[in-house]
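The residues making up each chain are set out below.
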Amino acid sequence: MQGIFSLPAAILLISFVGFTAFAQQSGVPVDQAVFMTGIVWALPAKLILVGSIQSGANLFAAFVAVTLSSIRLMPMVAALIPEIRAEKTRTWVLLIVSHLIAVTAWVMAMERVQHVPRVYRVSYVLGLGLTLVLANMLVVGVLYQYVAEFPPIVAGCLFFLTPVYFLASIWSSGRHPVIHIALVVGLLLGPFATLFAPDFDLLLSGIVGGTLAWGLDVLRRRRLEARV
């Protein structure tokens, strides 16, 4: 729970102030905004959901958009679970943990969980994730009535802090060169994907960038092996 008093958590809380302003200005009631924070959790998915509501998209279209956004969290869960699972850890507990994993919780857990005895790692991640979720629900509920006067540019800047921090954190915590290659390739592909396929830019950047990064890393390792 002490993780709430950290720079990553502070940036996330500030970002949720921006989300609160966005939800309020989009006409989402406070109870729905708070509920959305606890159930959807990942900030980009919530922005997509509120944007879908604002644009009048039907339920199925909103569902597909949020699902595609959230698929990016699956590899994070797959990477974290082997690090925290103990011999007697039950599957239903891991399912709860998986719901709490968004980028901030994942980055903080991956950086710190190695210093926690394995038998306590699931409890550690549960405590960290639940604290972040509940704190952000509190931020949304308390500040909802006070953010009505926020200019849209201020709200945008507030929740833009989070992806900037995510990028820096993932780069610094990357344990393998392929992660750095994937980030660079994805960043370079992003503007072109936005120009040619704006509805699928994030998906294309991720799939193409990740595949190219994997291929470049394979070539790099083969060259190293050939030198040896």
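For the structure, check the block above.
Residues numbered from 1 in each chain as written. Predicted model: local features only at pLDDT ≥ 70, side-chain atom pairs only at ≥ 80, totals over all residues. Heavy atoms only, no water.

A. Representation of a nonpolar patch on the surface within the structure. A contiguous nonpolar patch, built from Phe60, Phe63, Val64, Leu68, Ile71, Met74, Phe200, Leu203, Leu204, Ile207, Val208 and Leu212 and spanning about 1100 Å² of accessible area, is present on the exposed surface. Secondary structure elements with two or more residues in the nonpolar patch: helix 4 (59–70) and helix 11 (201–227). In terms of residue count, helix 11 provides more of the nonpolar patch than any other element does, five residues in total. Among the secondary structure elements, Val64 is positioned in helix 4. Accessibility expressed as a relative area gives 32% for Val64, which makes it partly exposed. (Patch = residues over 30% accessible without salt bridge, like charges linked within 9 Å, V, L, I, M, F, W, Y side chains within 5 Å. Areas by Shrake-Rupley, 256 points an atom, 1.4 Å probe, with all protein chains shown as cover. Salt bridge = Lys/Arg side-chain N within 4 Å of Asp/Glu carboxyl O. Helix = DSSP H or I, 4+ residues; strand = E, 2+ residues; numbered from the N terminus. Buried < 20%, exposed > 50% of the residue type's maximum accessible area, 1.4 Å probe, protein only.)

B. Summary view of the side chain of Ser6. Here Ser6 shows up in the segment before helix 1 (7–25). Judged by its relative accessible area of 13%, Ser6 falls in the buried class. Engagement of the side chain of Ser6 in a polar contact is seen with the backbone oxygen of Gly3, the distance being 2.5 Å. Setting aside chain neighbours within four positions, we find Ser6 in contact with Met108 and Arg112. (Polar contact = N/O pair within 3.5 Å; in protein donor to acceptor, adjacent residues only side chain to side chain. Contact = heavy atoms within 4.5 Å.)

C. Seen up close, the nonpolar core. In this structure, Phe16, Phe19, Leu80, Ile84, Ile101 and Leu132 are the most contacted members of the largest nonpolar core, which totals 52 residues. Here this core takes nine residues from helix 8 (residues 118–143), the largest share from any one element. (Core = buried A, V, L, I, M, F, W, Y, C linked by side-chain atoms within 4.5 Å.)

By themselves, these figures tell us nothing about what the structure is for.
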